[in-house]
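Analysis of the macromolecular model
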Amino acid sequence: MNKSLKKTLKLVIPILIGVFLVLYWYLKTSPENREQILFYIKEADPFWVSISLLLGIIGHISRAVRWNYLLEPLGYRPKLINNVLMIFMAYLANLGIPRTGEILRATALSTYEGVPFEKGFGTIVTERVIDLIMLLIVVIITLFLQTDIIITFFEQRGFNASGLIILGIAGLAAALIFFLFIKKSDNPVALKIKSFVKGLLDGVFSIFKMKKKWAFAFHTLLIWACYIGMMWVIKFTVPETTQLSLNEIMVAFVFGAFAMATTNGGVGLFPILVSKALGLFGISSVSGDAFGWIMWIAQTLMNIIFGAISFLLLPLLNRNK
């Protein structure tokens, strides 16, 4: 299989999956339900949608500030506006092909701020590790608050935790064997890999060299508070969901986060899983679908609009580079 075909498949397959999921949702809903869902979407209060978008923007700006805390120990302090624009560009890129946004961020940082790609990418990896930890914390808190409901849901669908643990251990063992082989090899390719990994580790361990650890922790909490807040305020756009508690919204948030992690931008899957989560608390499928679609449309439009603006502004603001 040639490289151009592989690139085409990487672009087409996620889109096809998204189209399939949207088609699946369309076929499983009746014309009357779709009409009601569309009505809720059209009648969604612009005030609460705007508040949700504002929280998303604040979260992205906070992420840009936090990024500099990771880059500073490496001897770099990019302009905040550049960081913000790169982050919006990355989110837009991830809507097309998952995880290309991280590569784009590191490339743009190298181009416009002179940060070596591997070090910039290392800080982005650090961000993702911190975000994964935060997501796990949110999941644990949500499990603690809604244990019976969530466990019952996964058990009914054949979730096998022991299988995932075994797979994870096998993956770690394979990675360890690979790196031990690379470490002892003098092959030119192995040396390049070692150099690249060293750069990554410099970025990852920069967190321990930070002078502003508490500020970093504050922005991490702020980012995730904004993420949850984005979903919480959307509940006011659908009559049936206005009485949902924060605990119940967090269950929907966890389901939505899973959708965002497994598909590009959560296309198709996000509204379906969020609706399933809300259904656990007696919310009708119509209201649950409307909630999920309003949330997904709002955040996707934000990423598309601000991402496109960022693609234009970044080179204009850095014409000398």
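Computed from a prediction, not measured in an experiment: that's the story for all the values here. (Residues numbered from 1 in each chain as written. Predicted model: local features only at pLDDT ≥ 70, side-chain atom pairs only at ≥ 80, totals over all residues. Heavy atoms only, no water.)

For side chains of opposite charge, pairing can occur when their charged atoms come near one another. By the definition in use, this model includes 7 salt bridges. Between Arg 63 and Asp 131 there is a salt bridge, with its nearest N and O atoms 2.9 Å apart. Placement of the pair is Arg 63 in helix H3 (residues 46-71) and Asp 131 in helix H6 (residues 117-145), with a sequence separation of 68 residues. Judged by relative accessible area, which is 1%, Arg 63 ranks as buried. Across the pair Glu 102 and Arg 128 runs a salt bridge, and its minimum N-O distance is 2.5 Å. Here Arg 128 lies in helix H6 and Glu 102 lies in helix H5 (residues 100-113), a separation of 26 residues in the sequence. With relative accessibility at 29%, the residue Arg 128 sits in the partly exposed group. A single salt-bridge network, built from bridges that share partners, covers Arg 63, Arg 66, Glu 102, Arg 105, Glu 127, Arg 128 and Asp 131. (Salt bridge = Lys/Arg side-chain N within 4 Å of Asp/Glu carboxyl O. Helix = DSSP H or I, 4+ residues; strand = E, 2+ residues; numbered from the N terminus. Buried < 20%, exposed > 50% of the residue type's maximum accessible area, 1.4 Å probe, protein only.)

This part is about a nonpolar patch on the surface. Judged by side-chain polarity, Ile 81, Leu 301, Ile 304, Ile 305, Phe 306, Ile 309, Leu 313, Leu 316 and Leu 317 come together as a nonpolar surface patch covering roughly 750 Å² of accessible area. A per-element tally of the nonpolar patch places helix H13 (residues 285-317) first, with 8 residues. The class for Leu 317 is partly exposed, based on a relative accessible area of 46%. (Patch = residues over 30% accessible without salt bridge, like charges linked within 9 Å, V, L, I, M, F, W, Y side chains within 5 Å. Areas by Shrake-Rupley, 256 points an atom, 1.4 Å probe, with all protein chains shown as cover.)

Moving on, we get to the environment of Ala 217. Positionally, Ala 217 belongs in helix H10 (residues 213-234). Between the C-alpha atom of Ala 217 and that of Arg 66, which follows or precedes it by 151 residues, the distance is 8.7 Å.

What follows deals with the packing of H10 against helix H11 (residues 246-262). Two elements in contact, H10 and H11, have axes separated by 10 Å at closest approach and are oriented at 105°. The orientation of H10 with respect to H11, classified from their angle, is roughly perpendicular. Residues Trp 224, Tyr 227, Ile 228, Met 231 and Trp 232 of H10 form the contact with H11, whose own contacting residues are Leu 246, Ile 249, Met 250, Ala 252 and Phe 253. Split into classes, the residues belonging to the contact of H10 with H11 amount to 10 nonpolar, no polar and no charged. (Axes fitted to C-alpha atoms, helices over the stretch in contact; angles between N-to-C directions. Parallel < 35°, antiparallel > 145°, perpendicular 65-115°, else oblique. Contact = heavy atoms within 4.5 Å. Nonpolar A, V, L, I, M, F, W, Y, C, P; charged D, E, K, R; others polar.)

Let us now look at the UniProt feature "transmembrane region" (unreviewed entry) in the protein chain. With numbering aligned to this structure, UniProt lists the feature "transmembrane region" (unreviewed entry) at residues 9-27, 47-68, 80-97, 132-154, 161-182, 214-238, 250-273 and 293-317. Across residues 80-97, the secondary structure splits into 94% helix and 0% strand, with the terminal C-alpha atoms separated by 26 Å. Secondary structure across residues 293-317 comprises 100% helix and 0% strand; the distance between its end C-alpha atoms is 35 Å. (UniProt positions renumbered as here; feature names shortened; annotations may be inferred.)

On to the nonpolar core, then. Nonpolar side chains tend to gather and get buried jointly when the protein is soluble and globular. Grouped together as the largest cluster of nonpolar side chains are 68 residues, with contacts concentrated most on Met 231 and Phe 291. Considering every element that reaches this core, the biggest residue donor is H13, with 10 residues. With residues up to four places along the chain from it excluded, the contact list for Phe 291 reads Met 231, Ile 234, Lys 235, Val 238, Thr 241, Ile 249, Val 274 and Leu 278. (Core = buried A, V, L, I, M, F, W, Y, C linked by side-chain atoms within 4.5 Å.)

Turning our attention to the environment of Val 286. The topology assignment puts Val 286 in helix H13. For Val 286 and Glu 35, which are 251 residues apart along the polypeptide, the C-alpha to C-alpha distance reads 9.6 Å. Excluding residues that lie within four positions of it along the chain, Val 286 makes contacts with Asn 33, Gln 36, Ile 37 and Tyr 40.

What follows covers the side chain of Glu 127. One can find Glu 127 in helix H6. Apart from the residues lying within four places of it in its own chain, the contact partners of Glu 127 are Arg 63, Arg 66, Trp 67, Leu 70 and Arg 105.

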